[in-house]
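Structural overview
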Amino acid sequence: MRSKKFLKAEQARLVWDAPGLLAGVDEAGRGPLAGPVVAAAVILDDSRPIRGLADSKTLTALQRERLNEQILAKALCCSIAHATVEEIDTHNILQATMIAMRRAVEGLRLKPAKVLVDGNRLPTLDVLAEAVIQGDAFIKSISAASIIAKVHRDKLCQQLHDEFPQYGFAGHKGYGTPEHLEALLRHGACIHHRRSFSPVAAALVRMSALGIGVRVETTVTQIELRVLPVTPPMLGFGQ
């Protein structure tokens, strides 16, 4: 029986492809201890090819920035969406990622005939979809989605850093580096930390066991309001 939250992907390629627009989907930020998980959907324009598209993890920050500009300028349409920290803690990171991916696809100005999703899971969509393991390495539309999702999330992390510089978000992007874990022990968790993630929960428990008051930052942030609408949280691009 299929899950109501997401579909387990069949990796065998479909024997037919629906004619029409093809969208690639990928995410950024499943592993970090803080911040939203971001997903992007991209429909490329075959008449305006973009050189150098690849898995965002294999590119330098400068290469990603340059490609991000080209993708936003040349693609038929793009959509960036996220699932919030609250949704991650409520549903778990996998299901929150599926939520972000679904929002990204739904945010596209043009409806694709088929969606290719990086990985081995599919969000619930109302269009034909296929999951492709390591698709960001060889399917250009997925590569493009991985790049704009990564660039967008890195910019969000810079804003988190500007608001809470004591955690060093600009450098580690929310990942569980030794510096980040030390900052958690020293300062407690801010509103952007994922409390369902064990390193965050463990740091808070250790502080409590030591009799150190756990200070939870409550300063209101305008990041989501300035960058992504809250309901549904997404950005759309394209004429």
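Residues numbered from 1 in each chain as written. Predicted model: local features only at pLDDT ≥ 70, side-chain atom pairs only at ≥ 80, totals over all residues. Heavy atoms only, no water.

Topic: the pattern of salt bridges
As a working rule, side chains carrying opposite charge can pair if their charged atoms are close by. Overall, the coordinates contain 9 salt bridges when judged by the stated rule. Measuring nitrogen to oxygen at the nearest pair gives 3.4 Å for the salt bridge that ties Lys57 to Asp136. A residue pair is termed long-range when its members are at least 10 positions apart, and Lys57 in the loop between strand 3 (37-43) and helix 1 (61-74) and Asp136 in the loop between strand 7 (128-132) and helix 4 (140-163) qualify at 79 residues. Judged by its relative accessible area of 65%, Lys57 falls in the exposed class. Asp136 gets classed as buried once you look at its relative accessible area, which sits at 4%. Salt bridges sharing common partners tie together Asp55, Lys57 and Asp136. (Salt bridge = Lys/Arg side-chain N within 4 Å of Asp/Glu carboxyl O. Helix = DSSP H or I, 4+ residues; strand = E, 2+ residues; numbered from the N terminus. Buried < 20%, exposed > 50% of the residue type's maximum accessible area, 1.4 Å probe, protein only.)

Some details on unusual backbone geometry
At Asn92, a position not held by glycine, the phi torsion is positive, near 95 degrees. Turning to its location among the elements, Asn92 is positioned in the loop between helix 2 (85-91) and helix 3 (93-106). With a relative accessible area of 36%, Asn92 lands in the partly exposed category.

Things to note about the confidence of the model for the protein
Looking at the protein, pLDDT values average 85 and 79% of them are 70 or higher. The model gives residues 1-16 a pLDDT under 50, and that stretch makes 32 contacts with residues more than four places away or in other chains. When the criterion is pLDDT under 50, residues 213-232 qualifies, and its contacts beyond four places in sequence or with other chains add up to 45 contacts. (pLDDT = per-residue confidence, 0-100. Contact = heavy atoms within 4.5 Å.)

Here's the deal with the environment of Arg195
The topology assignment puts Arg195 in the loop between helix 6 (178-187) and helix 7 (198-209). Between the alpha carbons of Arg195 and Leu33 there is a distance of 8.2 Å; along the sequence they are 162 residues apart.

Considering the pairing of strand 2 (residues 22-28)
Here strand 2 lies mainly inside the structure; 5 of its 7 residues are buried. Direction of pairing for strand 2 relative to strand 5 (residues 114-118): parallel, over a ladder of 4 bridges. Looking at strand 5, one finds that Val25 is bridged to Val117. Where strand 2 lies against strand 3, 5 bridges are found, and the strand directions are antiparallel. (Pairing = 2+ DSSP bridges.)

Observations concerning the environment of His82
Its location among the elements puts His82 in strand 4 (residues 77-83). Sequence separation between His82 and Val37 is 45 residues, and the spatial gap between their C-alpha atoms is 5.5 Å.

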